[in-house]
Amino acid sequence: MQRQNVVVIDFGGQYNQLIVRRVRNLNVYAELVQSDVSIEKIKSYNPIGIIFTGGPSSVFGVDSPKVDPQIFSLGIPILGICYGMQLTAYLNGGKVIHAKIREYGKQKITYGDSVLFDGINKESVCWMSHTDQVSELPEGYKVIASTENCKVAAYENPDKKIYAVQFHPEVVHTENGNEILKNFLYKVCKANGDWKMEDYAAEQIAKLKEKIKDGKVLCAMSGGVDSAVAATLLHKAVGDNLTCIFVDHGLLRKNEAEEVMRVFKDKMGMNLIKIDASKLFLKRLQGVKEPEKKRKIIGKAFIDVFSEEAKKLGKIDYLVQGTIYPDVIESGLGKSAVIKSHHNVGGLPSVVDFKEIVEPLRSLFKDEVRSLGLELGLPEKIVMRQPFPGPGIAVRIIGNVTKKKIQIVQDADYIFREEIANANLDRVIWQYFAVLTGMHSVGVMGDERTYDYTIALRAVTSVDGMTADWADIPHDVMVKISSRIVNEVKNVNRVVYDVTSKPPATIEWE
């Protein structure tokens, strides 16, 4: 039986991916498509519902995104959000104006009687972000919500199954926003909630078995979440026909290389080849201080090592890539989108003799990849691992990279992570790590003067890494971390904490 599907039409809003994620979190599968999608393409999805996202444009703009008006005659339930609301009214004969008072942020809202607002408080708070607003509704439509400055904050036409809201129900700042989306999905679209990870896992394994049969499959194993889950899914499907190559560049976190081998080779029985290339990487990085140059050197070295090992395996039928859904969206949606190489084995296709690329995670968001990993039986420690840059510790060392500096960062980082876990903060903080600043300062240890390195600690809370706030770690935890690093890590006599949000800073220092 075909899975139910909701089509989310992208008008360039900052929350476009978030809408898709919210829908999927309510156990309904959703996909994002660009605004110039054809009616035939929409029909091919056989959707139970359509959602229009918000966007920065005005419906009056010559180049503003539009949809084919025929979409309103398909009989498929539609929910317009923000710009999507304005466009729906505009294309159906309503009137949109530049608002006298622009609304941005939390606003008090009053809901009327509508299936969209079943079971929620009529007096509530929503998140607004608009300059234009609907002033007159098309014939047959009625107002179902309003704020002090926006008299048409939501409207509906139940006969045509068209609903629209000026605010953003997908963001956490809108009280009961999730319930509003749920009402649309389950009461208007008649969703049955058939998007479940256990079903997806079984379905993908069956599809991969059918596709690959006895073919040879190659995967670059980095130890990161995406490559780990992709490799595990393939291993469940084709067993020993999958070969994974793990290039240890010597720039991983402390004990990480050993853990990768223990979990995937020893415990899971995966055909995993480890290449210790730490000396090669260190040699190529010698004297290099500029961060972008470090990244390019490491990327080139990885491809060189991987391709040399891959050639020993002969012709490969399938090359596995851990592409996930946000990568697909950023690479292919929108007329002005810049095409990026988002694969976590980027650059490898040109050096491996293979027939086809397999991307088993390309329809999943990061949180769904983690859910799939748990469903496949991967240890929670692997699945919930925090983000880690491809160049590894090389971009957490300010200045040139040496074996001694690598050791310092690994040891300090290990203590930091251990104490964060001991304080039960590892699920609260999105990412946390140590940075060797390259700065020396005077200290006193054992009644003697020292002149040693300063370690900077970085910890942030975030949803997706696009924005981040520095984590407010309890004072007693910070005291313990600092004391341990200074006492246990050689050549460090000072610890500082980075209290800068993103923006203006980035999460990583380099």
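Residues numbered from 1 in each chain as written. Predicted model: local features only at pLDDT ≥ 70, side-chain atom pairs only at ≥ 80, totals over all residues. Heavy atoms only, no water.

Peer 1: Help me understand the overall build of the protein in this model?
Peer 2: Within the protein, the secondary structure is distributed over 14 helices and 18 strands. Against the 2.2 N^0.38 benchmark of 24 Å for 510 residues, the protein shows a C-alpha radius of gyration of 26 Å, consistent with a compact globule. Considered along the principal axes of its C-alpha atoms, the protein spans approximately 80 × 60 × 40 Å. A total of 510 residues make up the protein; the buried ones form 53% of that total. Intrachain contacts of the protein at a sequence separation of at least 6 include 74% that bridge at least 24 residues. Of the roughly 23,300 Å² of accessible surface on the protein, 49% is carried by carbon and sulfur atoms. With 66 positive and 64 negative side-chain charges, the protein shows a separation of 4 Å between the mean positions of the two kinds. (Helix = DSSP H or I, 4+ residues; strand = E, 2+ residues; numbered from the N terminus. Rg over C-alpha atoms; globule rule 2.2 N^0.38 Å. Buried < 20%, exposed > 50% of the residue type's maximum accessible area, 1.4 Å probe, protein only. Contact = heavy atoms within 4.5 Å. Areas by Shrake-Rupley, 256 points an atom, 1.4 Å probe, with all protein chains shown as cover. Lys, Arg positive; Asp, Glu negative; His and termini not counted. Charge placed at Lys NZ, Arg CZ, Asp CG, Glu CD.)

Peer 1: Even after reading the chapter, I still don't get the pattern of salt bridges, so can you show me in this structure?
Peer 2: Opposite charge on two side chains lets them pair, provided their charged atoms get close. The full count for this structure, using the stated rule, is 29 salt bridges. Close ionic contact of E256 with R253 constitutes a salt bridge, the shortest N to O distance being 3.0 Å. Pair check on accessibility: E256 and R253 agree, each one buried. Linking E259 and R385 is a salt bridge whose minimum nitrogen-to-oxygen distance equals 2.8 Å. One end of the pair, E259, is in helix α7 (residues 256-267); the other, R385, is in the loop between α12 (380-383) and α13 (403-422), with 126 residues separating them in the sequence. Of the two residues, E259 and R385, both sit in the buried class. Each of R253, E256, E259, R262, K381 and R385 takes part in salt bridges that share partners, so that together they form one network. (Salt bridge = Lys/Arg side-chain N within 4 Å of Asp/Glu carboxyl O.)

Peer 1: Could you clarify how one ought to interpret helix α1 (residues 16-25) in this entry?
Peer 2: Two residues of an α-helix separated by three or four positions point the same way, owing to the 3.6 residues in each turn. Counting buried residues along α1, eight of its 10 residues qualify, which places the element largely inside the surrounding structure. Among the residues of α1, N16, L18, I19, V20, R21, R22, V23 and R24 are the ones counted as buried. Looking one or two places after α1, you find N27, whose phi comes out positive at around 65°.

Peer 1: Hey, could you run me through the packing of aromatic side chains in this one?
Peer 2: Across all of its chains, the model carries 12 aromatic pairs by this definition. With a centroid separation of 6.0 Å and 75° between ring planes, the pair formed by F416 and Y432 is classed as edge-to-face. Remark: Y432 occurs in strand β15 (residues 431-445) and F416 occurs in helix α13; sequence separation between them is 16 residues. Accessibility assignment for this pair places F416 and Y432 in one class, buried. Of the aromatic side chains, those joined through ring pairs into one cluster are F11, F52, F72 and Y83. (Phe/Tyr/Trp six-rings, centres within 6.5 Å; stacked < 30°, edge-to-face > 60°.)

Peer 1: Before we go on, may I ask you to explain the sheet that holds strand β6 (residues 123-136) in this structure?
Peer 2: Where strands meet in a sheet, backbone hydrogen bonds hold them as pairs that are either parallel or antiparallel. With mixed pairing, the nine strands of this open sheet are ordered in space as β2-β1-β3-β4-β9-β8-β7-β5-β6. Among the strands making up the open sheet, the edge pair consists of β2 (29-34) and β6. Neighbour-to-neighbour, the strand axes of the sheet open up by a mean angle of 20°, direction not taken into account. One ladder, built from three bridges, connects strand β3 (residues 49-52) with strand β4 (residues 78-81); its direction is parallel. Bridging from a neighbouring strand, I50 pairs with I78 of β4. (Pairing = 2+ DSSP bridges. Axes fitted to C-alpha atoms, helices over the stretch in contact; angles between N-to-C directions.)

Peer 1: Looking at this model, I keep getting lost on the environment of A471. Mind explaining?
Peer 2: On the secondary structure map, A471 appears in the loop between β17 (469-470) and α14 (475-488). For the pair A471 and R284, spaced 187 residues apart in sequence, the C-alpha to C-alpha distance is 35 Å. The contact partners of A471, leaving out residues within four places of it in the chain, are I429, A459, V460, T461 and Y497.

Peer 1: How should I be thinking about the packing of helix α8 (residues 278-285) against helix α9 (residues 291-311) in this particular structure?
Peer 2: Two quantities define a packed helix pair, namely the angle between the helix axes and the distance between the axes. Closest axis-to-axis distance for the α8/α9 pair is 10 Å, and the angle between their directions is 145°. Judged by the sense of rotation from one axis to the other, the crossing of α8 with α9 is right-handed. Facing α8, whose interface residues are L280, F281, R284 and L285, α9 presents K294, I297, I298, K300, A301, F302, D304 and V305. Residue composition of the contact of α8 with α9, by class: eight nonpolar, no polar and four charged. (Left-handed = near helix turned anticlockwise from the far one by under 90°. Nonpolar A, V, L, I, M, F, W, Y, C, P; charged D, E, K, R; others polar.)

Keep in mind that these numbers describe shape and distance, not what the molecule does.
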